[in-house]
Amino acid sequence: MKPIVPFAVLFASFTLSAAQYPSANMAIILPGLHENGVDPTGSSISSQEVIEWELNHSDVVFGSYSDAADNQRTQAVGYMYNQKLEMNASWLEHELRERAEQQGINYEDLFLHFAEDTVLAEVDKTHGENTILNRKPMIVGYTANEDHAGFWLYQAPPWDADVFENYASGGALYVYHSEPFDRLVLKFSQYAQGGEFWVEYPSSVDGNGKALTWERFNVTKDKTLNMTKNQNVIWSVPTDWVRATTHDGSGASYGGGQYFGSTYLRDGGKLYVARIRWTGVDPDHRPRLQEVKLKNSFQTVKLTDAPTETIDSKAIERWRKVRGFDESADLNGDDYLSWSEYKNRSNKQATARFRWESRVIPFGRMWNQNSSWALTHLANPNYLTLMNEYYAANWSELGLNGAYNDDTNKLIGPNQFLVYSGGRVAELDLMVGSEAADRLYQTQFAKFLKDLSTLQSGSLISVNVGTANLLGRNGQQALAEAASLYLREHYIFPSTGFSGYAGIAKYWDNSVFAQDGRSVIFQASTRYGRVQYFGHSQENWLLDKYSALAIFYLNSHPDVSYFNQWNSGYVYGSDNTTLDNYWQQNVPKNMAYQPSRLLSVDLGVPAGRVPDGYTPIPLMLSTTTPYLADYTIIGDSSQTSVVHVDLPEGIGHLLPTYTYFCISLKIPSSLVAQKIWCSQGSLPKARCCIEQTSLVKIATFIIPSL
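Every chain's residues receive numbers from 1 upward, in the order its sequence appears when written. Under the rules for a predicted model, residues below a pLDDT of 70 receive no local features and side-chain atom pairs below 80 are neither given nor counted, while totals for whole chains, interfaces and linings still include all residues. Only hydrogens and water are removed before side-chain values are computed, so all heavy atoms of the structure are retained for them.

## Concerning the environment of Ile-276
Each helix corresponds to a stretch of at least 4 residues labelled H or I by DSSP, and each strand to a stretch of at least 2 residues labelled E; elements are numbered beginning at the N terminus. By the secondary structure assignment, Ile-276 is in strand 17 (residues 272-279). The class of Ile-276 is buried, set by a relative accessible area of 2%. For the pair Ile-276 and Tyr-174, spaced 102 residues apart in sequence, the C-alpha to C-alpha distance is 6.3 Å. Note on definitions: a residue-residue contact is assigned when non-hydrogen atoms from the two residues lie within 4.5 Å. Leaving out residues up to four positions away in the same chain, Ile-276 has contacts with Phe-164, Ala-172, Leu-173, Leu-184, Leu-186, Phe-197, Trp-198, Val-199 and Met-227. Remark: exposure states derive from per-residue accessible area (1.4 Å probe, protein chains only) relative to the maximum for the residue type, with buried under 20%, exposed over 50%, and partly exposed in between.

Laid out in structure tokens, this is it:
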């Protein structure tokens, strides 16, 4: 270990009016997984008591509880991802589509689309593995009769399913997906010997959205040769094919219709469904099903001259092709090119038959096997209208006071897309993966959130923006006016420096938000502190928590700043600690990590000024003008505005923190890697370096050099 570097002590003056603690607002991040445990004194505590503790020791919940009544007791914000909708529909997509149909809005217009066939890098081929991106229908199942709920073929193929066992009593094979499709690839574990089959679709629905009438598809090619080989069945897409559910919504296991164990179908969710019937005079030789696949709309492409790594050094596992859509060829505007329209299209470099096949998808940049993102058209005013209506209803039902976007940097830039060929987006007229497209889409993203804030006045429209100063060249300047609540995830470390990429002198963008009445959650982590380097002892945890709270106090603002203490990881919840993430096991994490004893100290009334004879700390910005510089000083902590050409409109208006240098001192070697907060000697071993005055935001700040 290197010796500790002498530094200056920082002071400032402030107080907060908080509901739970006298001088700080507190936040809980993503609660859940509550379980029985012990409190910090060793007394038993139930999972319900843990929820009560969290509600009584926080002022905002970034996330939500399962009980709407609990959410209504606090300011709870749920999830939202405005920049994407799923190809495999869930309730959000269902509700948007229903509202769009009622208002005469084309649902497909809510997405971005490639104007030309595009080959994209895929860095993780497991993403989307269980979705249409890997040719898998949402539901495949078969029935014993017309009323049977259905047997769901949920296991990974190959199957040996006797799907036509009960053909004589109305049993059939059902295949469901979010979007219309014009073919299925059928594989058999036993081929048919005689008999015939046909494929049907719902042409109308009843008042509950249940399929009412069924018609036969016009099968144009039966490459299975009447189920005697593994191949495609292809049909013409009819204009009256409607989205439907096949259950009456009653919840009845039998008699209510088909739902194959899917609560989505049971409760009224609509999909496009194809029903396959078979009949024959020799039932002993009926076909048995091995697998069903959708069309290979997003095929893999083998390249010999392509890069092997993306811009962020992630290995490329394979390349995927997304077909472009020639919208000018869609003469009847149904988002599908008939064979005649397709043959006569003017753009031969766009080969999608369905418009949905051309959606902009960040292959390998999603979450997991069930992710199927497609980017949304954020500049479409109809999208804002529909999402606003959805959120208004959803937040009211769940008792939420808004929602937050957790992936503000996962948009359309080079961190999401690497293009081998093609890449032009019709709605943007720019190339995915380009800086120009990313700048435009960031602007549209920020405007969407800002407009949503206007429509949902009083709600917390929130974003997770990380650590960099948003107004600097390393930040996301477009988001500086987008939200009413900002989460700075893993923002404060016990060893946070004065400057650097993210440090005290660069935290002043929070003062810009505060001036506008917008809120910030300062999340603290134990990374780069005593816990990381010296282990999970009680003393190390206490000192790291005290250090983090000191930094919060130096940068916070009355009423609009919130503090959250977490461990060194990004997995959240309210479950119990282990010896791998705390010095004491079986303590509910939020209860263990929150520095409750220190928070109970009332810091008093702020002076709102820097005392005579003391120097306010400088404010730094990473700039590009007149040249690249990481430590450009543009003002100090006492100013109400700062000016620099790189700032939006050249100026930033601040609510000052009045943080100042107290004294310079040599740090005794016994204070290894510490920042010690002191208040009227209330803490054991606390060292006060100044007589208590009415200037009550008091902290010593010492930079370690590890």
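## Here we look at the side chain of Ser-637
Following the sequence through the fold, Ser-637 ends up in the loop between strand 32 (629-636) and strand 33 (641-643). Exposure remark for Ser-637: the relative accessible area of 3% places this residue in the buried category. Non-local contacts of Ser-637, meaning those with residues more than four positions away in its chain, are made with Pro-616, Ile-617, Leu-619, Pro-656, Thr-657, Tyr-658 and Thr-659.

## As for the packing of aromatic side chains
The pairing test for Phe, Tyr and Trp rings, Trp by its six-membered ring, is centres within 6.5 Å, and the orientation test on the planes gives stacked under 30 degrees, edge-to-face over 60, and tilted for anything in between. Under the definition given, this model contains 47 aromatic pairs. Arranged with centres 5.0 Å apart and planes meeting at 75°, the rings of Tyr-81 and Trp-367 form a pair that is edge-to-face. Note that Tyr-81 is positioned in the loop between strand 6 (76-79) and strand 7 (84-86) and Trp-367 in the loop between helix 5 (339-343) and strand 21 (373-375), a separation of 286 residues in sequence. Here Tyr-81 falls in the buried class, since its relative accessible area comes to 12%. For Trp-367, a relative accessible area of 37% translates into the label partly exposed. Taking the centre distance of 5.3 Å and the plane angle of 50° together, the rings of Trp-566 and Tyr-572 count as tilted. One exposure class covers both Trp-566 and Tyr-572, and it is buried. Put simply, the rings of Phe-62, Tyr-79, Tyr-81, Trp-367, Trp-373 and Tyr-404 pair up and form one aromatic cluster. By definition, being over a ring means that NZ of Lys or CZ of Arg is both within 6 Å of the ring centre and within 35 degrees of the ring normal. For Arg-216, the ring lying beneath its charged end belongs to Trp-198, and the centroid distance is 4.2 Å.

## Concerning the confidence of the model for the protein
The predictor attaches a confidence to each residue, called pLDDT, with possible values from 0 through 100. Taken residue by residue, the protein gives an average pLDDT of 89. The fraction at 70 or more is 91%. Scored below 50 in pLDDT, residues 11-18 makes 53 contacts in the model with residues more than four places away or belonging to other chains. A low-confidence stretch, residues 664-706 (pLDDT under 50), is modelled with 124 contacts involving residues beyond four sequence positions or located in other chains.

## Quick word on a nonpolar patch on the surface
Patches in this entry comprise residues that are over 30% relatively accessible and not in a salt bridge; like charges within 9 Å are linked, as are nonpolar side chains (Val, Leu, Ile, Met, Phe, Trp, Tyr) within 5 Å. Under the convention used here, a 1.4 Å probe and the Shrake-Rupley method define accessible areas, while residue burial counts only the protein chains that appear. Salt-bridge detection follows one rule: a side-chain nitrogen of Lys or Arg within 4 Å of a carboxyl oxygen of Asp or Glu. Taken together, the side chains of Tyr-528, Tyr-533 and Phe-534 define a hydrophobic patch exposed on the protein surface, amounting to about 300 Å² of accessible area. Examined against the element boundaries, Tyr-528 turns out to sit in the loop between strand 28 (519-524) and helix 9 (530-534). The exposure class of Tyr-528 is partly exposed, given its relative accessible area of 35%.

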